[in-house]
Amino acid sequence: ALPTTGTLFGTQAICIGQTSAFGSNVTGGSWTSSAPATATINLTTGLVTGIAAGTATMTYTVNGAGGCGNVTATRTVTVAAPPNPGTLGGTSAICVGLGATFFSSVPGGAWSSSAPGIATVNATTGIVTGVSPGNAIISYTVTGTGGCLPVTATRPVTVTAAPNAGTINGTTNICIGSSNTLNVT
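The following paragraphs examine the structure supplied in this document. (Residues numbered from 1 in each chain as written. Predicted model: local features only at pLDDT ≥ 70, side-chain atom pairs only at ≥ 80, totals over all residues. Heavy atoms only, no water.)

## Comments concerning the side chain of serine 104
One can find serine 104 in strand β13 (residues 103-104). Note on serine 104: relative accessible area 17%, which makes it buried. Here proline 85 takes part through its backbone oxygen, which lies 2.5 Å from a polar atom of the side chain of serine 104. A distance of 3.0 Å separates the side chain of serine 104 from the backbone nitrogen of valine 106, its partner in a polar contact. Ignoring anything within four residues of it in the chain, the contact list for serine 104 reads Pro85, Gly86, Thr87, Leu88, Trp111 and Tyr140. (Helix = DSSP H or I, 4+ residues; strand = E, 2+ residues; numbered from the N terminus. Buried < 20%, exposed > 50% of the residue type's maximum accessible area, 1.4 Å probe, protein only. Polar contact = N/O pair within 3.5 Å; in protein donor to acceptor, adjacent residues only side chain to side chain. Contact = heavy atoms within 4.5 Å.)

Here it is, written out as structure tokens:
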């Protein structure tokens, strides 16, 4: 009988450094990669490892016997580069009721706060607003594509209470040449 490669399976979109288990419902074959600089594959187990961004074709070969030739089947894998949240910036010390704009060198991510009771952040604009005194961590998350997981960078923010000058008490109408003492409470 002619050999068969069976049905190939395995996740075809991975990130650099990630793996995917390729396989077939017919055992005994061997695997090769068309582009080992992009993705390698273990000859016998079918474990694919992402090396660099790009596409590679994995070939599964089942050897023929009794005069029958070898048969092959292919399955592609696309390797994506992991997302980069960039470098974060922005004033990290603010007063209650005031704000600062946080930013990243890589656009398109989403902002969040570890403690919205202390500091809130607009998910799109990165505007941080002090709510109450304390410390919070502001996170910036960039969504992964092509099998890559999201990546997050963080920046701390310290919120302090606004200074209070108090209330000035005392007589505010005085005669020329006189003096008066004002008190602050």
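## Side note on the packing of aromatic side chains
Each aromatic ring pair is summarised here by two numbers: the centre-to-centre distance and the angle between the ring planes. Counted according to the given criterion, the structure contains four aromatic pairs. With 6.2 Å between their ring centres and 70° between their planes, phenylalanine 102 and tryptophan 111 make a pair best called edge-to-face. In this structure phenylalanine 102 comes out as buried when scored by relative accessible area, which is 2%. Taking relative accessible area as the criterion, tryptophan 111 reaches 6% and is therefore assigned buried. Ring geometry for tryptophan 111 versus tyrosine 140: centroids 4.5 Å apart, planes at 45°, classification tilted. One end of the pair, tryptophan 111, is in strand β14 (residues 110-113); the other, tyrosine 140, is in strand β17 (residues 134-142), and 29 residues separate them in sequence. Neither tryptophan 111 nor tyrosine 140 differs from the other in exposure class; each is buried. Each residue in the set Phe22, Trp31 and Tyr60 is aromatic and connected to the rest through ring pairs, giving one cluster. Taking NZ or CZ as reference, arginine 75 lies 5.6 Å from the ring centre of phenylalanine 22, over its face. Across from the ring centre of phenylalanine 102, 5.7 Å away, lies the NZ or CZ of arginine 155, which sits over that ring. (Phe/Tyr/Trp six-rings, centres within 6.5 Å; stacked < 30°, edge-to-face > 60°. Lys NZ or Arg CZ within 6 Å of the ring centre and 35° of its normal.)

## Some thoughts on the state of the cysteines
Counting across every chain of the model gives one disulfide. Each sulfur in the disulfide pair cysteine 15 and cysteine 148 lies 2.1 Å from the other. The sign of the S-S torsion, about 95°, decides the handedness of the disulfide formed by cysteine 15 and cysteine 148: right-handed. Here the residue cysteine 15 occupies a position in strand β2 (residues 13-15), and cysteine 148 occupies one in the loop between β17 and β18 (151-160), the gap between them amounting to 133 residues. Each of the two residues, cysteine 15 as well as cysteine 148, counts as buried. (Disulfide = S-S within 2.5 Å.)

## Quick word on a nonpolar patch on the surface
A surface patch of nonpolar side chains, amounting to about 310 Å² of accessible area, comprises Ile168, Leu182 and Val184. Structurally, valine 184 can be placed in strand β20 (residues 183-184). Assessed through its relative accessible area of 55%, valine 184 is described here as exposed. (Patch = residues over 30% accessible without salt bridge, like charges linked within 9 Å, V, L, I, M, F, W, Y side chains within 5 Å. Areas by Shrake-Rupley, 256 points an atom, 1.4 Å probe, with all protein chains shown as cover. Salt bridge = Lys/Arg side-chain N within 4 Å of Asp/Glu carboxyl O.)

## Focus: the pairing of β14
Burial along β14 is one-sided: the residues Trp111 and Ser113 are buried and none of Ala110 and Ser112 is. Looking at chain direction, β14 and β17 are connected through four bridges and run antiparallel. When the sheet's bridge partners are listed, alanine 110 is paired in β17 with threonine 141. (Pairing = 2+ DSSP bridges.)

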